[in-house]
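Results of the structural survey
Residues per chain are reported as follows:
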Amino acid sequence: MMGRGLIVLCGGQSRRMGRDKALMPVGGRPVIERVLHRLQGWGDPLVVTNRPEAYRHLGVPLIGDRFPGKGPLAGIHAGLAHSRHRVNLVVACDMPFVSRALADLLFAHLAGDDASVPRLGDRPHPLFAVYTKECLGPLEMSLEAGDFSVIRFLRRIRTRFVEREAIAAVADPRLALFNMNEPADYCRACRMNGGEEA
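The sections below set out a description of the structure shown in this document. Nothing here was measured: the structure is a model prediction, and the numbers come from that model.

1. Examining the overall build of the protein
Each helix and strand counted, the protein has eight helices and ten strands in total. Taking 198 residues into account, the globule formula puts the C-alpha radius of gyration at 16 Å, and the protein, at 16 Å, falls close to it. Projected onto the principal axes, the alpha-carbon positions of the protein cover approximately 40 × 40 × 35 Å. Each of the 198 residues in the protein was classed as buried or not, and the buried ones make up 53%. Once local pairs closer than 6 in sequence are excluded, the contacts in the protein between residues at least 24 apart make up 71%. Counting only carbon and sulfur atoms, one obtains 50% of the accessible surface of the protein, whose full area is about 9,200 Å². Counting 27 positive and 21 negative side-chain charges, the protein places the averaged centre of each group 2 Å from the other.

Here it is, written out as structure tokens:
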């Protein structure tokens, strides 16, 4: 099988949470370790972070943004620029219940498009999505133009959206795409983990 990359974004400031989301434990394990464990073997992992000292213990390649402070779009750019692979799964570091089955589904839907992105209703989830190296040019154009919106970027490339019905056939969308932005989300994740496989 062709090689694939797994890009974990740890670039956020965690302002709303008040501490590093990636290192907060859910089910006794820091979220970033859960992400890497649950997606182990899907692709060659690398972590995008501007605080490498916090993640050296993971034993995976750590890279910084070329456009620091410009949000997730810059993280996607950095990951794709450094990845050895054309096809990459990009995942945020604050998603404790990521689904390998959903990653496989997104990959299967990619076909000839630049990105394969889950969408629930009218809300895309671009931080658990498959991107190809073909995105690099449009990413640089957006970043250099000062447009850091991931949603607007998705309109500039050939984006395949995978809808709720297809997602629900392989994973619980509420779990697979759940992310933690603030303390209430963290409490919810810990409660949800009670009924979930760690």
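Still more ground to cover, so stick around.
2. Remarks on helix H4 (residues 136–144)
Turning to H4, its buried residues number three or more, namely Leu136, Leu139, Ser142 and Leu143. Along the long axis of H4, the arc covered by the buried residues comes to 125°, so they all point the same way. Structural note: H4 exposes Met141 and Glu144 on the side pointing more than 90 degrees away from its buried face. Here the buried face of H4 lies against helix H2 (72–82) and helix H5 (150–156). Glycine 146, located one to two residues past H4, shows a positive phi value of around 80°.

3. Here's the deal with the nonpolar core
Ranked by internal contacts, the top residues of the largest apolar core, which has 45 residues, are Val8, Ile32, Leu39, Val91 and Phe128. Going through the elements one at a time, strand E1 (5–9), helix H1 (31–38), strand E6 (87–92), helix H3 (100–109), strand E9 (128–132), helix H7 (173–176) and helix H8 (183–193) are the ones with two or more residues in this core. Filtering out sequence-adjacent residues up to four positions away, leucine 39 remains in contact with Leu6, Leu89, Val91, Val98, Ser99, Arg100, Ala103 and Phe128. Core analysis: the second largest hydrophobic core is formed by 24 residues, Leu9, Val48, Val90 and Val117 among them.

The rules we used
Residues numbered from 1 in each chain as written. Predicted model: local features only at pLDDT ≥ 70, side-chain atom pairs only at ≥ 80, totals over all residues. Heavy atoms only, no water. Helix = DSSP H or I, 4+ residues; strand = E, 2+ residues; numbered from the N terminus. Rg over C-alpha atoms; globule rule 2.2 N^0.38 Å. Buried < 20%, exposed > 50% of the residue type's maximum accessible area, 1.4 Å probe, protein only. Contact = heavy atoms within 4.5 Å. Areas by Shrake-Rupley, 256 points an atom, 1.4 Å probe, with all protein chains shown as cover. Lys, Arg positive; Asp, Glu negative; His and termini not counted. Charge placed at Lys NZ, Arg CZ, Asp CG, Glu CD. Arc of directions from axis to C-beta. Core = buried A, V, L, I, M, F, W, Y, C linked by side-chain atoms within 4.5 Å.

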